[in-house]
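Next come the chains, spelled out residue by residue.
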Amino acid sequence: QADLAMYHTKKHGRNNLSFYESTMKTTDTRQMMIEQGLRKAIKKNELELHYQPKVSLQNHQIVGLEALIRWNHPTLGQISPGEFIPVAEETGLIIQITEWALRTACAQNKKWQEEGKKKMRVAVNISSVDFGEESFIHTVQKVLKETNLDPRYLELEITESVAIKNIDIVVEKLNTLQGLGIFISIDDFGSGYSSLSYIKKLPIDSLKIDRSFIKDIQESYKEAKIVKAIIGLAQSLNLSVVAEGVELAEQAALLQREQCDEVQGFYFSKPLSVGDLEELFFDIEEQVKEYAREYTTEM
Ligand code: C2E
Ligand code: MG
Ligand code: MG
Ligand code: MG
């Protein structure tokens, strides 16, 4: 980038250099602020989990929640996980963040159960960096013990990328986690370098079809066929199948017709703060039932 700036200076004169310098500085500063801020974010209580409902297409109820991290930076405002999770992975800070997310989600779920709320699985996203750590399983066990949550109500969402290397070690780790009673999902299925032979070997419970495949199913015959094939694959491997990114009634209708088990997306609900979820839970379930009457007769 420095060379490019020099090239532009030579070509266009001094002013261009300062333009490049200042834009580079802006991104560098933001990057630095994110990196440094992230170190303190947990202690300073700037991180929060929001929860997005997973809806069953069989009984039209909320059957699970996915915990999604939110960071409210003191000066930069809301920063999306898409921006700061990669930084956390590069710096290794992800290890602490994941432990925090696991503890927060498990403690919250336990609290809801103690309050007599409907028992649901809460899913936590796990980075391949976490999964590769030797201490990962120990951390999960420690958090479950501390929060006293029944492991059946914890789900871990991992991406296909964890399975790229050392398949034997991955299988062993997943077996241990499943042995504890934890539910394992493959997140963003189809978007990475998935190999069907890997998927066949992995001890997992569920496939989450990546949002990019759902996006056009209502208008593209080809996309719909691909989703249908993934659902068929999941069924033949005895895995449950979840579609992410459902935004339209037509998409829900198609997914129901193709016997997708669960759906998640803005059509049903955005990810919500604990307060909003507690307040809106029954409204959302009512809404889902109403939607279901529409999309069940849609096609
Ligand atoms: P993901 O795990 O695939 O999560 C789904 C993302 O899709 C979330 O974005 C969610 O808000 C968004 N989404 C849900 N429904 C819809 C929809 O109908 N339409 C559209 N356009 N988007 C929808 P978010 O919260 O920004 O998170 C992005 C990614 O960041 C996540 O993708 C996950 O990979 C990562 N992430 C989030 N929280 C955590 C965390 O606690 N730990 C780790 N390691 N990664 C996390
Ligand atoms: Mg996820
Ligand atoms: Mg996902
Ligand atoms: Mg995704």
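Residues numbered from 1 in each chain as written. Chains lettered and ligands numbered in written order. Predicted model: local features only at pLDDT ≥ 70, side-chain atom pairs only at ≥ 80, totals over all residues. Heavy atoms only, no water.

An unreviewed UniProt entry lists the protein under the name Diguanylate cyclase/phosphodiesterase with PAS/PAC sensor(S), with Priestia koreensis as the source organism.

Attention now goes to the nonpolar core. Within the largest apolar cluster, 85 residues are counted, with the highest numbers of intra-cluster contacts made by Leu154, Leu177, Leu202 and Leu255. Ranked by residues supplied to this core, first place goes to helix H4 (residues 94–114) with eight residues. When near neighbours in sequence (up to four residues on either side) are disregarded, Leu202 contacts Ala163, Ile167, Val170, Val171, Leu174 and Ile186. (Core = buried A, V, L, I, M, F, W, Y, C linked by side-chain atoms within 4.5 Å. Buried < 20%, exposed > 50% of the residue type's maximum accessible area, 1.4 Å probe, protein only. Helix = DSSP H or I, 4+ residues; strand = E, 2+ residues; numbered from the N terminus. Contact = heavy atoms within 4.5 Å.)

Of all residues adjacent to ligand 1, which total 20 residues, the nearest are Arg70, Asp187, Arg211, Glu247 and Phe266. A distance of 3.0 Å is found between an oxygen atom of ligand 1 and a side-chain nitrogen or oxygen belonging to Asp188. Here a nitrogen atom of ligand 1 and a side-chain polar atom of Glu247 are 2.5 Å apart. Burial of ligand 1 by the protein amounts to 82% of the accessible area it has alone, namely 800 Å². Of all the elements in the fold, those that place two or more residues in the shell around ligand 1 are strand E2 (62–73), helix H3 (81–91) and strand E6 (183–189). In terms of residue count, the dominant contributor to the shell around ligand 1 is E2 (four residues). Residues belonging to the shell around ligand 1 are distributed by class as follows: eight nonpolar, five polar and seven charged. (Near = heavy atom within 4 Å. Polar contact = N/O pair within 3.5 Å; in protein donor to acceptor, adjacent residues only side chain to side chain. Areas by Shrake-Rupley, 256 points an atom, 1.4 Å probe, with all protein chains shown as cover. Nonpolar A, V, L, I, M, F, W, Y, C, P; charged D, E, K, R; others polar.)

Turning our attention to helix H11 (residues 249–257). Burial analysis of H11 places seven of its nine residues in the buried class, the great majority of the element. For H11, the complete set of buried residues consists of Ala249, Gln251, Ala252, Ala253, Leu254, Leu255 and Gln256. Where H11 ends, the next residue or the one after it, Gln259, has phi of about 65°, a positive value.

For the magnesium ion (ligand 4), the full set of protein donor atoms is Asp188 (OD) and Glu244 (OE), at a range of 2.2 to 2.6 Å. On the accessibility criterion, Asp188 (23% relative accessible area) is partly exposed. (Donors = N, O, S within 2.8 Å, 3.2 Å for Na, K, Ca; no water.)

Sheet faces and side chains relate simply in a regular strand, where the side chains alternate between the two faces. Here strand E8 (residues 240–243) shows a buried face lined by Ser240 and Val242 and a second buried face lined by Val241 and Ala243. With four bridges joining them, strand E7 (residues 206–209) and E8 adopt parallel strand pairing. Pairing of Ile209 across the sheet is with Ala243, part of E8. Across two bridges, E8 lies against strand E9 (residues 262–263) in parallel orientation. (Pairing = 2+ DSSP bridges.)

Once that is clear, we can look at the pairing of E6. Counting buried residues in E6 gives six out of seven residues, a clear majority hidden from the surface. In this view, the connection linking strand E5 (residues 154–159) to its parallel neighbour E6 by way of helix H7 (residues 167–180) has right-handed handedness. Taken together, the three bridges between E6 and E7 define a ladder with parallel strand orientation. Within the sheet, the bridge partner assigned to Ser185 lies in E7 and is Ser206. Handedness of the crossover is the feature at issue here: the chain leaves E6, passes through helix H8 (residues 196–201), returns alongside E7, and the resulting connection is right-handed. (Right-handed = clockwise from strand over helix to strand, strands pointing away.)

This structure, assessed with the given rule, holds nine aromatic pairs. Geometrically, the ring pair formed by Trp71 and Phe84 is edge-to-face, given 5.3 Å between the ring centres and 80° between the ring planes. On the criterion of sequence distance, the pair formed by Trp71 in strand E2 and Phe84 in helix H3 is long-range, its members being 13 residues apart. Relative accessible area serves as the criterion here: at 0%, Trp71 is assigned to the buried category. A centroid spacing of 6.5 Å and a plane angle of 75° characterise the contact between Phe268 and Tyr291, whose relative ring orientation is edge-to-face. (Phe/Tyr/Trp six-rings, centres within 6.5 Å; stacked < 30°, edge-to-face > 60°.)

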